[in-house]
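# Fold and contact review
As a plain string of letters, each chain reads:
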Protein chains: 2
Amino acid sequence: METKFLDRAIELAEFGMEQNHGGPFGCVIVKDGAIIAEGHNRVTSDNDPTAHAEIVAIRKACDELNDFQLTDCDIYTSCEPCPMCIGAIYWARPNKVYYAASREDAAEAGFDDHFIYEELNVPPDDRTISMKSAERKKAIRVFEKWIKKEDKIDY
Amino acid sequence: METKFLDRAIELAEFGMEQNHGGPFGCVIVKDGAIIAEGHNRVTSDNDPTAHAEIVAIRKACDELNDFQLTDCDIYTSCEPCPMCIGAIYWARPNKVYYAASREDAAEAGFDDHFIYEELNVPPDDRTISMKSAERKKAIRVFEKWIKKEDKIDY
């Protein structure tokens, strides 16, 4: 862990906030001791609810590496990642994550993701945003084609 | 719930797979009875681990609406959303979600997100991708500035 990378993530958090790009969150992605991508929250300026600092930085880093994986990379972020960003981190498969503020600190600043953690453990149909299934068999037919597909790229 | 929108999501899943853009997943977003955005998985073609069908469609729909919220929208997706996409859905705040295949069906086709659900319930430091905290006080100082900021856009 190198403090200077967390400091840079925190600097980006403050920069994005001051520019009115979105919430006070920043992130850098490090490979071989150097920053390969930086991001800050751009939700309100980009009209993109997925533009959290981590997602912005992950997309940039993958673009930089020309890969859909962050192999041997570390993520430094100014705040504990939300469930969406944790999901993105698991799909991107970096080495380690370092964060500064906790989710409780974020909640005190008005960014409460505790509810999302809870909802993930609720059956889809019972969630506050209800998630109902239909047409399952039609979708499975596409999965069967995927399983048999010979030129697929696994990820 | 309108079957035709799930059918379209499934069609997009098959299209994306056949084009080798990524996994067999499609999604449409509906407002006032009409599709306002479509997406399919583009992880491997775009080198973007966050380019799941739902995230692609949410970003397009928000761009279309010029808003960072999907107020009064419904999401139709060919498969039960993964934890990353559920997070994105909660931040986007649509009305309802309809999906076709289940997470178990996806796991049989090689897309197992059960592990991510489990990891979300593990303390950050104990996760397989370890998430450690440092420099907390510096980051909190930025949150304190956010709390006091008068021209902030809440989201």
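Computed from a predicted model, the values in this text were never measured in an experiment.

What follows covers the interface of chain A and chain B. Each partner contributes to the interface: chain A provides 75 residues, whereas chain B provides 75 residues. By residue class, the composition of the side of chain A that touches chain B is 44 nonpolar, 13 polar and 18 charged. For strand 4 (residues 96-101) of chain A and strand 5 (residues 131-133) of chain B, the ladder comprises three bridges, and the chain directions are parallel. Bridge pairing links V97 of chain A to M131 of chain B in strand 5 of chain B.

Below, the discussion takes up the sheet that holds strand 3 (residues 73-79) of chain A. Taken together, five strands build an open sheet; the order of strands is 2(A)-1(A)-3(A)-4(A)-5(B) and the sheet is mixed. The open sheet has two free edges, formed respectively by strand 2 (34-40) of chain A together with strand 5 of chain B, since each of these has just one partner strand. Strand-to-strand twist in this sheet, taken as the mean axis angle between neighbours without regard to direction, amounts to 20 degrees. Across five bridges, strand 3 of chain A lies against strand 4 of chain A in parallel orientation. Counted as the bridge partner of T77 of chain A is Y99 of chain A from strand 4 of chain A. Packed on one face of the sheet, helix 1 (residues 3-18) of chain A meets strand 1 (26-31), strand 2, strand 3 and strand 4 of chain A and runs near 145 degrees to strand 1 of chain A.

Turning our eyes to something else, we now look at the confidence of the model for chain A. Overall, the prediction assigns chain A a mean pLDDT of 97, with 100% of residues at 70 or greater. For this predicted complex, the interface score ipTM comes out at 0.97, while the overall pTM is 0.97.

What counts, and at which threshold
- Residues numbered from 1 in each chain as written.
- Chains lettered and ligands numbered in written order.
- Predicted model: local features only at pLDDT ≥ 70, side-chain atom pairs only at ≥ 80, totals over all residues.
- Contact = placed C-beta atoms within 7 Å.
- Nonpolar A, V, L, I, M, F, W, Y, C, P; charged D, E, K, R; others polar.
- Pairing = 2+ DSSP bridges.
- Helix = DSSP H or I, 4+ residues; strand = E, 2+ residues; numbered from the N terminus.
- Axes fitted to C-alpha atoms, helices over the stretch in contact; angles between N-to-C directions.
- pLDDT = per-residue confidence, 0-100.

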